[in-house]
Amino acid sequence: MRMDEAYMLGRRKLEEADVGEAQLDAWYLLEHATRMSRADYFKEPKKELTKEQELRYFLYIEKRAQRIPLQHITGEQAFMGLPFLVNEFVLIPRQDTEILAEIALGLLKSLSRERQKDVTRGEPAASPLRILDMCTGSGCILLSLMHYMKQDSCLALEGVGADVSDEALQVARENAERLELEATWVHGDLFSKVEGRFQVIVSNPPYVRTKELDQLQAEVRFYDPRIALDGKEDGLHYFRRIVEGCKMHLEPGGHLLFEIGYDQAKDVTKLMQEAGFSKIKVKKDLTGLDRVVSGVYDRCA
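Quick look at the structure, then.

Here we look at the environment of Ala-33
Mapping Ala-33 onto the fold places it in helix α2 (residues 22-34). As for Ala-33 and Ala-172, which are separated by 139 residues in sequence, their C-alpha atoms are 25 Å apart. Ignoring sequence-local partners within four residues, the contact set of Ala-33 consists of Gln-53, Arg-56, Tyr-57 and Tyr-60.

Have a look at this one:
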């Protein structure tokens, strides 16, 4: 079968299965099956596939038609311009979460510049900035921050990722190795095994209300780990626990940043205010929905 024939047939099969973005997914799977770039395809659209490539491509199409996520077929998802390994043990990185990472990156750069100014004024060099990524999953948030800080700053950044899933942490370790970054990975229930204090804590915790899980699209409902989605009855369970637990792990003036559901800004803001956080801000995503809540904690125990 020729490349263009295979693509059109794959696209039609995905459309018949009501797969969203069938056109794009059919192309990505063809690229993955043949290892040919889009440019190569347009140069030779009538190039014949090998029998192995054809079998592999339509196996991928069959899996996608069953609503298996594209990323679980290819084993990879881009986040913040970086490639991350993913599987059934981790939440597939979403573009929405890049809002959280971008805000945290800007904050870390600001903190780094302030410390560098202190050194320029002759003050002793400060210890490395420490950041904790709670519910780290694939490690995409933490590792993206460490990657870009490493590129941009001469000030050391010490990163810690914590998760209750040992399988998820194994994926995070593999991603760190691929990106040539060194982070500390902590296996435990939230702060139970976390040591020390941090200038910044970021978290994309489970925040979907339990009753809403069955309403999610099939790719999420059946293939993302439920433990990474279920925020219990009101969706706020982990926000409460993290807000309370971080008090013992934030430096004076430390920052806490959350990804939130579109209708949770008011409730999470209230939780943080009641816990002693100030300078609380809500950031919207590209669609205009509330996506990130951040604040500063000054009442360290």
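Let's talk about the packing of aromatic side chains
In the structure shown here, the tally under the stated rule is eight aromatic pairs. Summarising the aromatic geometry, the rings of Tyr-41 and Phe-42 are spaced 5.4 Å apart at their centres and angled 70° between planes, so their arrangement reads as edge-to-face. Judged by relative accessible area, Tyr-41 falls into the buried class, the value being 9%. Summarising the aromatic geometry, the rings of Phe-239 and Phe-258 are spaced 4.9 Å apart at their centres and angled 85° between planes, so their arrangement reads as edge-to-face. You can see Phe-239 sitting in helix α10 (residues 237-245) and its partner Phe-258 sitting in strand β7 (residues 250-259), a full 19 residues away along the chain. Considered together, Phe-239 and Phe-258 belong to a single accessibility category, that of buried residues. Linked through ring pairs, Tyr-7, Trp-27, Tyr-41 and Phe-42 together constitute an aromatic cluster.

Observations concerning the nonpolar core
In this structure, Leu-108 and Ile-131 are the most contacted members of the largest nonpolar core, which totals 31 residues. Broken down by secondary-structure element, the contributors of at least two residues to this core are β2 (82-85), α6 (97-120), β3 (129-134), α7 (140-152), α8 (166-178) and β6 (198-203).

A few points about the layout of surface pockets
Volume-wise, the second largest pocket comes out at about 260 Å³. Around the second largest pocket, the lining comprises 13 residues; the ones closest to its centre are Leu-107, His-255, Lys-279, Lys-281 and Ser-294. At the level of elements, α6, β7, β8 (277-284) and β9 (290-297) are the ones that each hand at least two residues to the lining of the second largest pocket. In terms of residue class, the lining of the second largest pocket is made up of six nonpolar, four polar and three charged.

Some words on the sheet that holds β9
Pairing in this open sheet of seven strands is mixed, and the strands run β5-β4-β3-β6-β7-β9-β8 from one edge to the other. The open sheet is flanked by β5 (184-187) and β8, the only strands paired with a single partner. Looking at each pair of strands side by side, their axes are set apart by 15° on average, direction ignored. Summarising the sheet, β6 and β7 pair through five bridges and their orientation is parallel. For Phe-198, the partnering residue across the bridge sits in β7 and is Leu-250. On top of the sheet, α7 reaches β3, β4 (157-163), β5 and β6; it is set at about 170° to β4, its chief contact.

Quick look at the pairing of strand β1 (residues 76-79)
Of the pairings in the sheet, the one linking β1 to β2 comprises four bridges and is antiparallel in character. Within the sheet, the bridge partner assigned to Ala-78 lies in β2 and is Pro-83. Counting the residues in the hairpin turn of β1 and β2 gives two residues, including Met-80, whose phi is positive at 55°.

Digging into the pattern of salt bridges
Taken as a whole, this structure holds 21 salt bridges when the rule is applied. Between Arg-291 and Asp-96 there is a salt bridge, with the nearest N and O atoms lying 3.5 Å from each other. Taken together, the residues Arg-291 in strand β9 and Asp-96 in the loop between β2 and α6 connect sequence positions 195 residues apart. A salt bridge links Arg-226 to Asp-230; the nearest nitrogen and oxygen atoms lie 4.0 Å apart.

About the thresholds
Residues numbered from 1 in each chain as written. Predicted model: local features only at pLDDT ≥ 70, side-chain atom pairs only at ≥ 80, totals over all residues. Heavy atoms only, no water. Helix = DSSP H or I, 4+ residues; strand = E, 2+ residues; numbered from the N terminus. Contact = heavy atoms within 4.5 Å. Phe/Tyr/Trp six-rings, centres within 6.5 Å; stacked < 30°, edge-to-face > 60°. Buried < 20%, exposed > 50% of the residue type's maximum accessible area, 1.4 Å probe, protein only. Core = buried A, V, L, I, M, F, W, Y, C linked by side-chain atoms within 4.5 Å. 1 Å grid on protein atoms, 1.4 Å probe; cavity = no way out; pocket = protein on both sides within 12 Å on 5 of 7 lines; lining within 4 Å. Points joined across faces, edges and corners; volume = space filled by probe spheres on them. Nonpolar A, V, L, I, M, F, W, Y, C, P; charged D, E, K, R; others polar. Pairing = 2+ DSSP bridges. Axes fitted to C-alpha atoms, helices over the stretch in contact; angles between N-to-C directions. Salt bridge = Lys/Arg side-chain N within 4 Å of Asp/Glu carboxyl O.

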